[in-house]
Amino acid sequence: MDGTQLQRIKQRYGIVGNCEGLNRALEIALKIAPVDLSVLITGENGVGKEVFPRIIHDFSGRRNKKYFAVNCGAIPEGTIDSELFGHEKGAFTGAIEQREGYFSVANGGTLFLDEVGELPLQTQARLLRVLETGEYIRVGASEVRKTDVRIVAATNVNMEKAISEGRFREDLYYRLNSISISVPPLRERGDDAVLLFKKFALEMSEKYKMPPIRLDEGARQMLKAYSWPGNVRQLKNITENMSVTSEQRDVTADVLRSYLPEEKSHRELIAVPAGQTVNSFENEREILYQILFDLRRDVSELKKIVHENAGRHSGDERPTAGTGVSLYRHPAIDVSAATVPVEPICEAEEVKENDEPLPETRSLDELEKDLIRRVLSENNGKRKQAAAQLGISERTLYRKIKEYGLE
Ligand SMILES: Nc1ncnc2c1ncn2[C@@H]1O[C@H](COP(=O)(O)OP(=O)(O)O)[C@@H](O)[C@H]1O
Ligand SMILES: [Mg+2]
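The structure presented is a predicted model; accordingly, all values stated were derived computationally and were not measured.

(A) Broad picture of the overall build of the protein. If you tally the helices and strands in the protein, you get 18 helices and 11 strands. Taking all 407 residues of the protein together, the buried fraction comes to 24%. Expressed as a percentage of contacts within the protein between residues at least 6 apart in sequence, the contacts between residues at least 24 apart total 70%.

Shown next, in the form of structure tokens:
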């Protein structure tokens, strides 16, 4: 396909961008449009998937027939079958009239099933049947009807995962996915982010009758480096927001930063030592270890308090009400509200019972031992540093090393 043809298409549909990924997606869409097969458009939220089914319809033999877009994620589970396939009068409470579904009204045309990953399983079964045989039955009917509809579906859901978790039928996935088009995230589109910004800034200046905002070099670099979790939609919203509220029409990196949500990366959640790669599984394990460790420490603190209170109580001294012990302290998990008010505990016998080792304690021991061993080796056996990393005193670490025979 030559560049001018692609350019014309972009102009016609208001698509901005020149990156390879976007161009490839558009080329595939144009190429397969006349081939009467199902298409699955994949891509993160806000990448611009919705224009693709329209292009496919407009460049197919069905262009003079109906085009319908249905957002499967927005229709309540109870009514989606009726919306898609229609229903008979009296099929369910409230079905006062017979109703045609999209598969009937779009006959001969194209049906865009957006957020197809959200379809309930029972609707997936009906959809599979239509795709395989062209047949469907209205809700509450017994008569089989025929239809000829081309399906273009879109999803931001990881379909392999949905399949493995039993939320999406594998056979339907293969049916829908005869051809797939993947729309790249904005963070992979290089200079396109700047082009899109310019387009949106002009649109907003017209909409709000204000001079357009412009980016200086620093802001341009920041725009390109940002991760854009909400992709083009997010860029559009932020440009609109800045266009309306920013005093400065020349946007600097500092101004832009104040509009961008802070990037939350694994690296911020837990400090990854330099040179070590981020591996999400390892990091999760690390957080869990840390939580267990904190939990364990808190349990022993609680025990201590219980002991002290019991002792004090026997000496007829009541503890101050409202003492709080924080259960979780890990910064990645903010459960600051999870404090346990320590009630005065009177039964000294109960305290004794609590001293019995619990079955779970053993596995906690194992985990703690493991963690200490790992942190010690990370710190080349330097106890001071290891204790600081573990958040315990050197003395406690020393005791634990002895206890676990880690010397
Ligand atoms: N390449 C693009 N050029 C211009 N506008 C775009 C582009 N991609 C997305 N948009 C705009 O971004 C918004 C989100 O796109 P949409 O198709 O709804 O995303 P999603 O992939 O979530 O369905 C829409 O307003 C759309 O017009
Ligand atoms: Mg969408």
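(B) Representation of the site of ligand 1. Around ligand 1, the structure places 16 residues, and the nearest of them are Gly-48, Lys-49, Glu-50, Val-232 and Arg-233. When the residues that make up the shell around ligand 1 are grouped by side-chain class, the tally is six nonpolar, six polar and four charged. Both domains that furnish three or more residues to the shell around ligand 1 are identified here as domain 1 (3–184) and domain 2 (187–259).

(C) Expanded view of the sheet that holds strand 6 (residues 150–155). Ordered in space as 2-3-6-1-7, the five strands form an open sheet in which the pairing is parallel. Every interior strand has two partners, whereas the edge strands, strand 2 (67–71) and strand 7 (179–182), have only one. Neighbour to neighbour, the strand axes of the sheet diverge by 20° on average, direction disregarded. In this sheet, strand 3 (residues 110–114) lies alongside strand 2 in parallel orientation, the contact comprising five bridges. Within strand 3, the residue paired with Val-70 across the bridge is Leu-113. Of the strands in this sheet, strand 1 (39–42) and strand 7 touch helix 2 (residues 20–32), which is tilted by about 155° from strand 7.

(D) Representation of the environment of Arg-24 within the structure. Following the sequence through the fold, Arg-24 ends up in helix 2. Each C-alpha atom, one on Arg-24 and one on Pro-184, is 9.9 Å from the other, the two residues being 160 residues apart in sequence.

(E) Structural view of unusual backbone geometry. Even without being glycine, Glu-115 reaches a positive phi, approximately 50°. Inspection of the secondary structure puts Glu-115 in the loop between strand 3 and helix 6 (121–133). Take Glu-115: there are 19 C-beta atoms within 10 Å of it, and that puts it in the partly exposed class.

(F) Region of the structure containing the pairing of strand 6. Burial runs high along strand 6: six of the six residues are buried. Here four bridges tie strand 1 to strand 6, and the two strands are oriented parallel to one another. Looking at strand 6, one finds that Ile-41 is bridged to Ala-154. Strand direction decides the pairing type here: strand 3 and strand 6, joined by four bridges, are parallel. Bridge pairing links Thr-110 to Arg-150 in strand 6.

(G) Structural context of the environment of Gln-98. Checked against the element boundaries, Gln-98 lands in the loop between helix 4 (77–85) and helix 5 (102–105). Residue class for Gln-98 comes out partly exposed when judged on the 14 C-beta atoms lying within 10 Å of it. In this structure the C-alpha to C-alpha distance between Gln-98 and Arg-138, which are 40 residues apart in sequence, comes to 9.5 Å. Beyond its immediate sequence surroundings of up to four residues, Gln-98 is in contact with Glu-88 and Lys-89.

(H) Region of the structure containing helix 3 (residues 51–58). Within the span of helix 3, buried status applies to Phe-52, Pro-53, Ile-56 and His-57. Projection of helix 3 onto a plane perpendicular to its axis shows the buried side chains occupying an angular sector of 135°, all on one side. The inward-facing, buried residues of helix 3 contact helix 2, strand 1, strand 2, strand 3, strand 6 and strand 7.

(I) Just helix 17 (residues 383–390), in detail. Along helix 17, the residues classified as buried are Ala-386, Ala-387 and Leu-390. Seen from one end, helix 17 has its buried residues packed into an arc of 100°, which puts them on one side.

(J) Layout of the nonpolar core. In terms of nonpolar packing, the biggest core is built from 56 residues, with Ile-41, Phe-103, Leu-111, Leu-113, Ala-153, Phe-197 and Leu-235 touching the most fellow members. Two domains each donate at least three residues to this core, and these are domain 1 (3–184) and domain 2 (187–259). For Ile-41, the contacting residues outside a window of four places in its chain are Lys-49, Phe-52, Pro-53, Val-152, Ala-154, Ile-181 and Val-183. Judged by nonpolar contacts, the second largest core, of seven residues, contains Leu-371, Leu-376, Ala-386 and Ala-387.

The rules behind the values
- Residues numbered from 1 in each chain as written.
- Chains lettered and ligands numbered in written order.
- Predicted model: local features only at pLDDT ≥ 70, side-chain atom pairs only at ≥ 80, totals over all residues.
- Helix = DSSP H or I, 4+ residues; strand = E, 2+ residues; numbered from the N terminus.
- Buried ≥ 20, exposed ≤ 12 C-beta atoms within 10 Å, placed from the backbone.
- Contact = placed C-beta atoms within 7 Å.
- Near = placed C-beta within 6 Å.
- Nonpolar A, V, L, I, M, F, W, Y, C, P; charged D, E, K, R; others polar.
- Domains from an automatic or database assignment.
- Pairing = 2+ DSSP bridges.
- Axes fitted to C-alpha atoms, helices over the stretch in contact; angles between N-to-C directions.
- Arc of directions from axis to C-beta.
- Core = buried A, V, L, I, M, F, W, Y, C linked by C-beta atoms within 7 Å.

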